[in-house]
Amino acid sequence: MTVKALFDKYCKIEDGEYIVHGQCVTLEPATEEELESFKKLCAEYNVEQRIVDELAEYYSQNKSLFGYFTCDDRGLFEWWQDDGQRSIWLGCADDECFIYDDIDHKYGIGFAGNKDIGEYDTLMEMLEAYLKEGFENGSNE
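What comes next concerns the included structure. All values derive from a computational prediction rather than experimental measurement.

## Some words on the state of the cysteines
Disulfide: a covalent bond formed between the sulfur atoms of two cysteine residues.
Moving on, step 1. One pass over the full model with this rule turns up zero disulfides.
Moving on, step 2. Here Cys11 is not cross-linked by a disulfide; its sulfur's nearest cysteine counterpart is in Cys24, at 11 Å.
Moving on, step 3. There is no disulfide at Cys92, and the cysteine sulfur nearest it, in Cys97, is 3.1 Å away.

This is how it looks when you write it as structure tokens:
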């Protein structure tokens, strides 16, 4: 399923924007230059190629996660510090953070970079869980 298909399935559209947990979100694909910059950042941090490919596929459909960091923003690696913490900070919505944890190879939703709310094998699983939860509790209207 594409990113747009997930948003179409779980979110109301109003004035060309999707309502996600009460926030307005647009989908805007990254440019080739932004994707190349993202891949160079990943190479600097030795991100596993399958994760680079997975994230690049997402960013080719939407250049940020809920309008937080664009894919070429060095802030993505603010929580990638040493062998004890290697997280790609994908973005935030309200108090919830979305990460990829390179130590345990999981995506997660939680507070301040943890995975207390949920842990997922793929980015699309994480995205769908978040959108579906908003749909089910009525906050995507």
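## Thoughts on the nonpolar core
Moving on, step 1. Formed by 45 residues in total, the largest nonpolar core has its most connected members in Phe7, Tyr59, Phe66 and Leu90.
Moving on, step 2. Put simply, the parts of the chain that give this core at least two residues each are helix H1 (3-10), strand S2 (17-20), helix H2 (32-44), helix H3 (49-59), strand S5 (85-93), strand S6 (96-101), strand S7 (106-111) and helix H4 (123-136).
Moving on, step 3. Among the elements that line this core, the one with the most residues is H3, at six residues.
Moving on, step 4. Those residues within four positions of Leu90 in sequence are excluded, and the remaining contacts are Leu55, Tyr59, Leu65, Phe69, Leu76, Phe98, Ile99, Tyr100, Tyr107, Leu123 and Met126.

Conventions used here
- In every chain, residue numbers begin from 1 and rise along the written sequence.
- Predicted model: local features are reported for residues with pLDDT of at least 70 only, side-chain atom pairs are reported and counted for 80 or more only, and whole-chain, interface and lining totals are derived from all residues.
- Think of the side-chain values as coming from all heavy atoms in the structure, minus any hydrogens and water.
- We call a pair of cysteine sulfur atoms a disulfide whenever their separation is within 2.5 Å.
- Here, nonpolar core means buried Ala, Val, Leu, Ile, Met, Phe, Trp, Tyr and Cys residues that are tied together by side-chain atoms lying within 4.5 Å of each other.
- Three labels apply to residues, based on accessible area from a 1.4 Å probe with only protein chains included: buried if under 20% of the type maximum, exposed if over 50%, partly exposed otherwise in between.
- Numbering goes from the N terminus for both helices and strands, where a helix is a DSSP run of H or I of at least four residues and a strand is a run of E of at least two.
- We call two residues in contact whenever any of their non-hydrogen atoms come within 4.5 Å of each other.

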